[in-house]
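# Commentary on secondary and tertiary structure
Spelled out, the chains give:
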Amino acid sequence: MLTGFETLILASGTPYMTVTKNGASFNKSCVEKMEMAPYVLPLIDRVGKRFAIVHCDMDEPGAQKFFRGRDISNGVRWGNTDFLTTVSEIVGVSYEEGFRVNASFDPDERALIFDLSDPLPVRGSK
């Protein structure tokens, strides 16, 4: 009777990543969509101006720690300067200035895909 159905992953709001001098923050919705993945594989598409994180195992080459089991309302923060610089160069906005990019979820790939071609200003920034 339930043939053809799949689990619908519900999240509280739109998944997005904020990049500032303090690091890259993935909001609560990102953590929910990624099903609180302890590890993700970061992928970059420089030509298409996209960044993705894919649910993966800890032994996957390139795997990065993601959700560490703390309060989900804080989301996840990465402070890697190389990552901040790389994403900022693609976006064309300094992480010192700050920006936000929205994501879409691909359930088949278990991935969040961030559109780096359409950055939004961070609230409270210039």
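So, here is what we can say about the structure in this document. Small disclaimer: the values here were computed from a predicted structure and weren't measured. (Residues numbered from 1 in each chain as written. Predicted model: local features only at pLDDT ≥ 70, side-chain atom pairs only at ≥ 80, totals over all residues. Heavy atoms only, no water.)

## Observations regarding a nonpolar patch on the surface
Note the threshold: A residue counts toward a patch only above 30% relative accessible area and without a salt bridge, and it is joined to like-charged neighbours within 9 Å or, for Val, Leu, Ile, Met, Phe, Trp and Tyr, to nonpolar neighbours within 5 Å. The Shrake-Rupley method, run with a 1.4 Å probe, gives the accessible areas here. Residue values count only the displayed protein chains as cover. When a carboxyl oxygen of Asp or Glu is within 4 Å of a side-chain nitrogen of Lys or Arg, the pair counts as a salt bridge. Note on conventions: DSSP H or I runs of at least 4 residues are helices, E runs of at least 2 residues are strands, and numbering of each starts at the N terminus. Think of it in three bands: with a 1.4 Å probe and only protein chains considered, a residue is buried below 20% of the maximum accessible area for its type, exposed above 50%, and partly exposed in between.
A surface patch of nonpolar side chains, about 500 Å² in accessible area, is lined by M1, L2 and F5. Within the fold, F5 resides in the segment before β1 (16-20). Using a relative accessible area of 63% as the deciding quantity, one classes F5 as exposed.

## Observations regarding the environment of N27
Short version of the rule: The contact definition used throughout considers only heavy atoms, calling two residues in contact when any of these lie within 4.5 Å. The definition of a polar contact used here is a pair of N or O atoms within 3.5 Å, where within protein one atom must be able to donate a hydrogen and the other to accept one, and adjacent residues in sequence count solely through side-chain atom pairs.
Inspection of the secondary structure puts N27 in the loop between β2 (23-26) and α1 (28-33). Sequence-wise, N27 and R77 are 50 residues apart; in three dimensions their C-alpha atoms are separated by 8.7 Å. Dropping the residues within four chain positions of it, N27 is found in contact with T14, P15, Y16 and G75. At 3.2 Å, the side chain of N27 forms a polar contact with the backbone nitrogen of Y16.

## A look at the pattern of salt bridges
Where charged atoms from two side chains of opposite charge come close, those side chains can pair. According to the stated counting rule, one finds one salt bridge in the structure shown. A salt bridge links R50 to D45; the shortest N-O distance between them is 2.9 Å.

## Quick word on the sheet that holds strand β3 (residues 39-45)
Put simply, the rule reads: For two strands to be treated as a pair, DSSP must find at least two bridges joining them. All axes here are fitted lines through C-alpha atoms, helices being fitted over the stretch that makes contact, and every angle between N-to-C directions spans 0 to 180 degrees.
Strand order in the open sheet formed by eight strands is β5-β3-β4-β8-β7-β1-β2-β6, with antiparallel pairing between adjacent strands. On the outer flanks of this sheet lie β5 (64-65) and β6 (76-78), each paired with one strand and no other. Across the sheet, helix α2 (residues 81-91) lies against β1, β2, β3, β4 (50-55), β6 and β7 (99-106), angled at about 105° from β1, the strand it touches most.

## Quick look at the state of the cysteines
We apply this condition: A pair of sulfur atoms, both from cysteines and within 2.5 Å, is called a disulfide here.
Per the counting criterion, the structure on display carries zero disulfides. Free of any disulfide, C30 has its nearest cysteine sulfur in C56, 16 Å distant. The class for C56 is buried, based on a relative accessible area of 10%.

## Considering the packing of aromatic side chains
The geometry of two aromatic rings is summed up by the distance between their centres and the angle between their planes. Selection criterion: Only Phe, Tyr and Trp rings are paired, with Trp represented by its six-membered ring, and only when their centres lie within 6.5 Å; those with planes under 30 degrees apart are stacked, over 60 edge-to-face, the remainder tilted. We count a charge as sitting over a ring when the NZ of a lysine or the CZ of an arginine lies within 6 Å of the ring centre and within 35 degrees of the ring normal.
Scanning all chains against the criterion turns up seven aromatic pairs. For the ring pair F26 and F66, a centre distance of 5.5 Å and an interplane angle of 70° mean the geometry is edge-to-face. In this pair, F26 is assigned in strand β2 and F66 in the loop between β5 and β6, connecting sequence segments 40 residues apart. As far as burial versus exposure is concerned, F26 and F66 are alike and both buried. A network of ring pairs unites the aromatic residues F26, F51, F66, W78, F83 and F114 as a single cluster. Positioned above the aromatic ring of Y16 is the side chain of R100, whose terminal nitrogen or guanidinium carbon lies 3.7 Å from the ring centre.

Shape is all these values report; function is a separate question.
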